[in-house]
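Residues per chain, in single letters:
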Amino acid sequence: MPIAAPLGIVIVESGAADRRNVIMANRGVNKVILLGRLGADPDVRFMPNNGGKVVAVRLATSEIWNDPKNGKQERTEWHRVVFFKKLADTAEQYLHKGSQIYIEGRLRTQQWGQAHDKRYRTEIAAFELQMLDRPNASAVANSSSSSPAAPEDADWDDEYSDMPIH
């Protein structure tokens, strides 16, 4: 049963341990959860300042629904997901085109360029990765057959080649 609390704070009291579960409405939440398949092999790059590894993947998520007029409809969204540190090593080693993964991360928008020509890209900085495919040597060799078809505009990395990550 909720207790009366100052505006923006909800306290649920069901025991001493639950008193620590306080949600503050004035703080934001930036969390993304995605489950999908990779549209290409991971792209490995290195940060210019510290040389840290950055692994980027294109993740496809699909939504399917029945439209009374047109029948079954499907829409695929493409997401850029980046991994850092140990997750980058894992992604580079184990992920490949067609891999099914579950990720949790935060939305992050980067900007670069001059004041008159600013460029922006929104991506998901992953902090959790779960690989959902069974490890199977033949699946790795035949991964292109199980991957979603990428639309022509899904390969946006060339478009951002001037971004300061090499």
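Structure: above.
Predicted model only: the values in this text are computed from it and were never measured.

K.L.:
Even after reading the chapter, I still don't get the overall build of the chain, so can you show me in this structure?
P.N.:
A tally of helices and strands in the chain yields two helices and nine strands. Going from N to C terminus, the chain has its helices and strands arranged as β-β-β-β-β-β-β-α-β-β-α. Burial status across the chain gives 29% buried among its 166 residues. As presented, the chain carries roughly 11500 Å² of accessible surface, and 50% of it is formed by carbon and sulfur atoms.

K.L.:
Sorry, what's going on with the packing of aromatic side chains here?
P.N.:
Working definition: an aromatic ring pair is given by the centre-to-centre distance plus the angle between the planes. A full pass over the atoms with the stated rule returns zero aromatic pairs. Here the basic side chain of R58 rests over the ring of W78, its NZ or CZ set 5.9 Å away from the ring centre.

K.L.:
What is the right way to look at the nonpolar core in this model?
P.N.:
Taken as a class, soluble globular proteins show a tendency for nonpolar side chains to be buried jointly. Counting residues in each nonpolar core, the largest one holds 16 residues, and the members touching the most others are L59, V81, F83, L95, I101 and I103. At the level of secondary structure, the elements contributing two or more residues to this core comprise strand 4 (32-38), strand 6 (53-67), strand 7 (71-84), helix 1 (85-94), strand 8 (100-112) and strand 9 (119-131). With residues up to four places along the chain from it excluded, the contact list for I103 reads V32, I33, L34, L59, V81, F83, I124, E128 and L129.

K.L.:
Help me out: how do you make sense of the pattern of salt bridges in this one?
P.N.:
Charged atoms that come close allow side chains of opposite charge to pair. Applying the stated criterion across every chain yields a total of nine salt bridges. Residue R108 is joined to E123 by a salt bridge in which the shortest nitrogen-to-oxygen separation is 2.4 Å. Here E123 lies in strand 9 and R108 lies in strand 8, a separation of 15 residues in the sequence. On the accessibility criterion, E123 (2% relative accessible area) is buried. A salt bridge links E123 to R121; its shortest N-O distance comes to 3.6 Å. Connected via shared salt-bridge partners are R80, R108, R121 and E123.

K.L.:
When you look at the pairing of strand 9 in this model, what are you seeing that I'm missing?
P.N.:
Walk down a regular strand and you will see the side chains alternate between the two sheet faces. As judged from the two bridges shared by strand 7 and strand 9, these two strands associate in the parallel manner. By the bridge assignment, V81 is partnered in strand 9 with I124. Strand direction decides the pairing type here: strand 8 and strand 9, joined by twelve bridges, are antiparallel. Across the sheet, T109 pairs through a bridge with T122, a residue of strand 9.

What counts and what doesn't
Residues numbered from 1 in each chain as written. Predicted model: local features only at pLDDT ≥ 70, side-chain atom pairs only at ≥ 80, totals over all residues. Heavy atoms only, no water. Helix = DSSP H or I, 4+ residues; strand = E, 2+ residues; numbered from the N terminus. Buried < 20%, exposed > 50% of the residue type's maximum accessible area, 1.4 Å probe, protein only. Areas by Shrake-Rupley, 256 points an atom, 1.4 Å probe, with all protein chains shown as cover. Phe/Tyr/Trp six-rings, centres within 6.5 Å; stacked < 30°, edge-to-face > 60°. Lys NZ or Arg CZ within 6 Å of the ring centre and 35° of its normal. Core = buried A, V, L, I, M, F, W, Y, C linked by side-chain atoms within 4.5 Å. Contact = heavy atoms within 4.5 Å. Salt bridge = Lys/Arg side-chain N within 4 Å of Asp/Glu carboxyl O. Pairing = 2+ DSSP bridges.

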